[in-house]
Amino acid sequence: MSVFDLIAIGALLVGMIPVGAYGVSSHLMARYIRAKHPILWKSLGEPDLNTAQGPRADRLGDWIAKGKYRKMDDPQLLRWCPILRQLRRIAMIGFIGGFLTVVCTLIARHFFAG
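Residues numbered from 1 in each chain as written. Predicted model: local features only at pLDDT ≥ 70, side-chain atom pairs only at ≥ 80, totals over all residues. Heavy atoms only, no water.

## A word on the overall build of the protein chain
Selection criterion: In DSSP terms, a helix is any run of H or I states spanning at least four residues, a strand is any run of E spanning at least two, and both are numbered starting from the N terminus. Both definitions apply: the radius of gyration is a C-alpha atom measure, and the globule rule equals 2.2 Å times residues to the power 0.38. Summary of the burial criterion: residues with accessible area below 20% of their type's maximum are buried, those above 50% are exposed, and those between are partly exposed, where the area comes from a 1.4 Å probe applied to protein chains only. The contact criterion used is simple: two residues touch if any of their non-hydrogen atoms lie within 4.5 Å. All accessibility values rest on the Shrake-Rupley procedure with a 1.4 Å probe; residue burial counts only the protein chains present in the view.
Of the regular secondary structure elements, the protein chain holds four helices and zero strands. Starting at the N terminus, the α and β elements of the protein chain follow one another as α-α-α-α. The C-alpha radius of gyration computed for the protein chain amounts to 18 Å, which surpasses the reference 13 Å derived for 114 residues by more than 25%, pointing to a less compact arrangement than a globule. Structurally, the protein chain occupies a C-alpha span of about 60 × 25 × 20 Å along its principal axes. Split into buried and exposed, the 114 residues of the protein chain put 31% on the buried side. Within the protein chain, contacts between residues separated by at least 24 positions form 61% of all contacts whose residues are at least 6 apart in sequence. Carbon together with sulfur atoms contributes 67% to the accessible area of the protein chain, which is approximately 7,900 Å² in total.

## Focus on the pattern of salt bridges
Applicable threshold: Counted as salt bridges are all cases of a side-chain nitrogen of Lys or Arg within 4 Å of a carboxyl oxygen of Asp or Glu.
Applying the stated criterion to the full structure yields two salt bridges. Between Lys 42 and Glu 46 there is a salt bridge, with the nearest N and O atoms lying 3.1 Å from each other. We note a salt bridge from Asp 62 to Arg 88, for which the minimum N-O separation is 3.0 Å. With Asp 62 in helix H3 (residues 59-65) and Arg 88 in helix H4 (residues 75-112), this residue pair connects regions lying 26 residues apart in the sequence. A residue is classified by how much of its surface remains accessible, and Asp 62, at 29% relative accessible area, is partly exposed.

## So, the side chain of Ser 26
Short version of the rule: Counting of polar contacts relies on pairs of N or O atoms within 3.5 Å, with two restrictions inside protein: one atom must be capable of donating a hydrogen and the other of accepting it, and residues adjacent in sequence are counted only when both atoms are side-chain atoms.
Looking at the secondary structure, you find Ser 26 in helix H1 (residues 3-36). A distance of 3.1 Å separates the side chain of Ser 26 from the backbone oxygen of Gly 23, its partner in a polar contact.

## What about the confidence of the model for the protein chain?
Just so we agree on the cut-off: For every residue, the predictor assigns a confidence score, pLDDT, that lies between 0 and 100.
Residues at a pLDDT of 70 or more form 90% of the protein chain, whose mean pLDDT is 85. Within the protein chain, the element-level pLDDT minimum falls on H1, averaging 86, and the maximum on helix H2 (residues 38-43), averaging 92.

## Observations regarding the nonpolar core
For clarity, the threshold we go by: By convention a nonpolar core is built from buried Ala, Val, Leu, Ile, Met, Phe, Trp, Tyr and Cys residues, the set being connected through side-chain atoms within 4.5 Å.
Counting residues in each nonpolar core, the largest one holds 16 residues, and the members touching the most others are Met 29, Ile 33, Leu 60, Trp 63, Ile 64 and Cys 81. Where this core is concerned, the elements lending two or more residues are H1, H2, H3 and H4. When residues no more than four places from it in sequence are discounted, the contact partners of Ile 33 are Pro 38, Leu 40, Trp 41, Leu 60, Trp 63 and Leu 77.

## Here we look at H4
Threshold: For a helix, the expected span equals 1.5 Å multiplied by the number of residues minus one. The bend at a residue is defined as the angle formed between two axes, one fitted to the seven residues ending at that residue and one fitted to the seven starting there.
The end-to-end C-alpha distance of H4 is 55 Å, a good match for the 56 Å that 38 residues give at a rise of 1.5 Å each. The sharpest bend along H4 measures roughly 25° and falls at Cys 81, with the proline Pro 82 sitting one to four residues further on. Within the span of H4, buried status applies to Leu 77, Cys 81, Leu 84, Arg 85, Leu 87, Ala 91, Gly 94, Gly 98, Val 102, Thr 105 and Ala 108. Buried residues in H4 make contact with H1 and H3. By the N-cap criterion, in which a side-chain oxygen at the helix start approaches the backbone nitrogen of a residue two or three places on, H4 is capped by Asp 74, the distance to Gln 76 being 2.9 Å.

Laid out in structure tokens, this is it:
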């Protein structure tokens, strides 16, 4: 295993940690909303890990990103949604950064590891 392989593996791990953290956190938020605000949960398409359809169908994430949680009179939502909003941004940056690092590492491996 070369240095290039280790860099690629490390970049994937570093990039995927925030993605996993966002997934778990949004799942916990969806469970909280289902328990405390069932009408909102239904309007968001009943978000759940079992029915997750990827980032394009992340209605909960979009609802949080647009700041619509501020209209709710729930201190838990007002406390945790801004954190989840930032975590979503970090996850996207981590994913893109990890992907670009892997691509650059593979290109460098091709040219320099002969």
